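# Summary of the model geometry
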Amino acid sequence: IQIDLLGNLEDERIPPGAKKELQRLQSESRNACNKRRDKFGNSTNILTICLAINYGARADILQAAQKLAQAIASGEISPNDISAMDESEISKRLCTAHIPDPDLIIRTSGETRLSNFLLWDAAYAELYFTDLLWPDFDEEALEEALVWYGKRKRRFGGRNE
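Thresholds applied
- Residues numbered from 1 in each chain as written.
- Predicted model: local features only at pLDDT ≥ 70, side-chain atom pairs only at ≥ 80, totals over all residues.
- Heavy atoms only, no water.
- Core = buried A, V, L, I, M, F, W, Y, C linked by side-chain atoms within 4.5 Å.
- Buried < 20%, exposed > 50% of the residue type's maximum accessible area, 1.4 Å probe, protein only.
- Contact = heavy atoms within 4.5 Å.
- Helix = DSSP H or I, 4+ residues; strand = E, 2+ residues; numbered from the N terminus.
- Salt bridge = Lys/Arg side-chain N within 4 Å of Asp/Glu carboxyl O.
- Expected span 1.5 Å × (residues − 1).
- Arc of directions from axis to C-beta.
- Polar contact = N/O pair within 3.5 Å; in protein donor to acceptor, adjacent residues only side chain to side chain.
- Disulfide = S-S within 2.5 Å.
- Patch = residues over 30% accessible without salt bridge, like charges linked within 9 Å, V, L, I, M, F, W, Y side chains within 5 Å.
- Areas by Shrake-Rupley, 256 points an atom, 1.4 Å probe, with all protein chains shown as cover.
- Lys, Arg positive; Asp, Glu negative; His and termini not counted.
- Charge placed at Lys NZ, Arg CZ, Asp CG, Glu CD.
- Pairing = 2+ DSSP bridges.

## Focus on the nonpolar core
If you look at the biggest cluster of nonpolar residues, it comprises 6 residues: Ala64, Leu68, Ala71, Ile77, Ile90 and Leu94. When sequence neighbours within four positions are dropped, the list of residues in contact with Leu68 reads Ile77, Met85, Glu89, Ile90 and Arg93.

See the structure below:
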């Protein structure tokens, strides 16, 4: 299992000890997974768990836009190239750039909103809503969500033909 941290860990509200332990957990899990990849190749199955600590999608999109503006200001990207840019220029600057976009987002507790979670990344995700509270979301509930997902027709913005 590889642990990835999403969000702003530099926030002063995060206790230094917690921050250090989270970073240690991420580093140790990455090192262990890299050793596994070295031994068995890249095709080895590694589960990545992303912990969203002090994460907000709006803040993530804002920092990606700021990084893009810095790249233009520094000359890394020519102002003449701006009109030819596509959404990948933002995507690759998000803190989620290293993970694939989700195919399925499960929202528990009867809420029917994303609550500032993966707003950019969720563009083509299927959204599954359940009244169950998170602590009660068990294997049976997951199976139900996956069956529902399996019946969806994925169009990724296209039309039914």
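## Considerations on the environment of Leu51
Within the secondary structure layout, Leu51 lies in strand 2 (residues 48-52). Under the relative-accessibility criterion, Leu51 is labelled partly exposed at 27%. Look past the residues within four positions of Leu51 in its chain and what remains in contact with it is Ile3, Asp4, Leu5, Leu6 and Leu22.

## A few points about the pattern of salt bridges
Tallying each qualifying case throughout the model produces 10 salt bridges. Where Arg13 meets Asp11, a salt bridge forms, and the shortest distance between an N and an O atom there is 2.6 Å. Note that Arg93 is salt-bridged to Glu89, the shortest N-O span being 2.9 Å. Using a relative accessible area of 10% as the deciding quantity, one classes Arg93 as buried. Relative accessible area serves as the criterion here: at 16%, Glu89 is assigned to the buried category. What you see here is one network of salt bridges that share partners, running through Glu76, Glu89, Lys92 and Arg93.

## A closer look at helix 2 (residues 57-73)
Taking 1.5 Å per residue, 17 residues should reach 24 Å; helix 2 reaches 24 Å between its end C-alpha atoms and fits that length. Restricting attention to buried positions, one finds in helix 2 the residues Ala57, Asp60, Ala64, Leu68 and Ala71. For helix 2, the angular spread of the buried residues around the axis is 75 degrees, confining them to a single face. Within helix 2, the exposed residues directed more than 90 degrees away from the buried face are Arg58, Ala59, Gln70 and Ala73. Downstream of helix 2 by a residue or two, Gly75 has a phi angle that is positive, lying close to 90 degrees.

## Regarding the side chain of Ser29
Along the chain, Ser29 turns up in helix 1 (residues 16-40). Separated by 2.9 Å, the side chain of Ser29 and the backbone nitrogen of Ile3 make a polar contact. Each residue touching Ser29, except ones within four places of it in the same chain, is listed here: Ile1, Gln2 and Ile3.

## Details of the state of the cysteines
With the rule as written, the count across this model stands at 0 disulfides. Note on Cys95: no disulfide assigned, nearest cysteine sulfur contributed by Cys50 at a separation of 8.9 Å.

## Looking at a negative patch on the surface
The grouping of Asp136, Asp138, Glu139, Glu140, Glu143 and Glu144 at the surface amounts to a negative patch. Take Glu140: it is sitting in helix 4 (residues 139-150). Classification of Glu140 by relative accessible area gives exposed; the value is 62%.

## A short note on the pairing of strand 4 (residues 126-129)
Each regular strand displays side chains that alternate between the two surfaces of the sheet. In strand 4, alternate side chains face the same way, and those of Glu126 and Tyr128 are buried while those of Leu127 and Phe129 on the opposite face are not. Here strand 3 (residues 104-107) pairs with strand 4 via 4 bridges, running parallel. The residue bridging Ile105 from the neighbouring strand is Leu127, located in strand 4.

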